[in-house]
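Summary of structural features
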Amino acid sequence: MIKLDDSIGFLINRAAFTMKRALDHKLAAYDLTAPQWAILTQLWEKNGQPLIAIGKNLYFDKATMSGIIDR
C-alpha cells in the first residue's frame, strides 16, 4: 500500500495549497484574492479579452467568474 506522503498527487496538491496560501498572504495587502489577481493578470497580458476567454484560460466556470467579477 502506498503511503499518503509517497503519493505524487498528494504532494503536488499540498505544494499548490502552500503556494496559494503564500500568494493570498501577499495579496491581502492589496485587498485581492488569488482568483481576482489571476483575472487582473490575464487582462494585463491581453487587455480587452472577453470574460469567457479569461475563464477558459484559468479553468473557471461561468458561476465562478461571475462571483469574482461581482466582488
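One can find the structure itself at the top, above this paragraph.
The text that follows walks through the structure, step by step, so that each part is easy to find. A quick note: this is a predicted structure, and the numbers were derived from the prediction, not measured. (Residues numbered from 1 in each chain as written. Predicted model: local features only at pLDDT ≥ 70, side-chain atom pairs only at ≥ 80, totals over all residues. Heavy atoms only, no water.)

1. Some remarks on the environment of Asn 13
- As for its position among the elements, Asn 13 is in helix H1 (residues 8-27).
- For the pair Asn 13 and Lys 62, spaced 49 residues apart in sequence, the C-alpha to C-alpha distance is 24 Å. (Helix = DSSP H or I, 4+ residues; strand = E, 2+ residues; numbered from the N terminus.)

2. Comments concerning the pattern of salt bridges
- According to the stated counting rule, one finds two salt bridges in the structure shown.
- For the salt bridge of Asp 5 with Arg 14, the shortest nitrogen-to-oxygen distance reads 3.7 Å.
- Notably, a salt bridge pairs Asp 24 with Lys 20, separated by 2.8 Å at the nearest N-O pair. Of this pair, Asp 24 and Lys 20 both sit in helix H1, separated by four residues, roughly a single helical turn.
- By relative accessible area, Asp 24 is classed as partly exposed at 25%.
- Note on Lys 20: relative accessible area 43%, which makes it partly exposed. (Salt bridge = Lys/Arg side-chain N within 4 Å of Asp/Glu carboxyl O. Buried < 20%, exposed > 50% of the residue type's maximum accessible area, 1.4 Å probe, protein only.)

3. Brief notes about helix H2 (residues 34-45)
- The end-to-end C-alpha distance of H2, which contains twelve residues, comes to 16 Å, matching closely the 16 Å that a straight helix rising 1.5 Å per residue would cover.
- Against the buried residues of H2 lie H1, helix H3 (51-58) and helix H4 (62-70). (Expected span 1.5 Å × (residues − 1). Contact = heavy atoms within 4.5 Å.)

4. Quick notes on the side chain of Gln 42
- As for its placement among the helices and strands, Gln 42 is situated in helix H2.
- For Gln 42, the residues in contact, after removing those within four places along its chain, are Gln 49, Ile 54, Asn 57 and Leu 58.

5. Section: the packing of H3 against H4
- Where H3 meets H4, the axes come as close as 10 Å, and the angle between the chain directions of the two elements is 115°. Between H3 and H4, the interaxial angle falls into the category roughly perpendicular. In this structure, H3 crosses over H4, and the sense of that crossing is right-handed. Of the residues in H4, those touching H3 at Leu 51, Ile 52, Ile 54 and Gly 55 are Lys 62, Met 65 and Ile 69. (Axes fitted to C-alpha atoms, helices over the stretch in contact; angles between N-to-C directions. Parallel < 35°, antiparallel > 145°, perpendicular 65-115°, else oblique. Left-handed = near helix turned anticlockwise from the far one by under 90°.)

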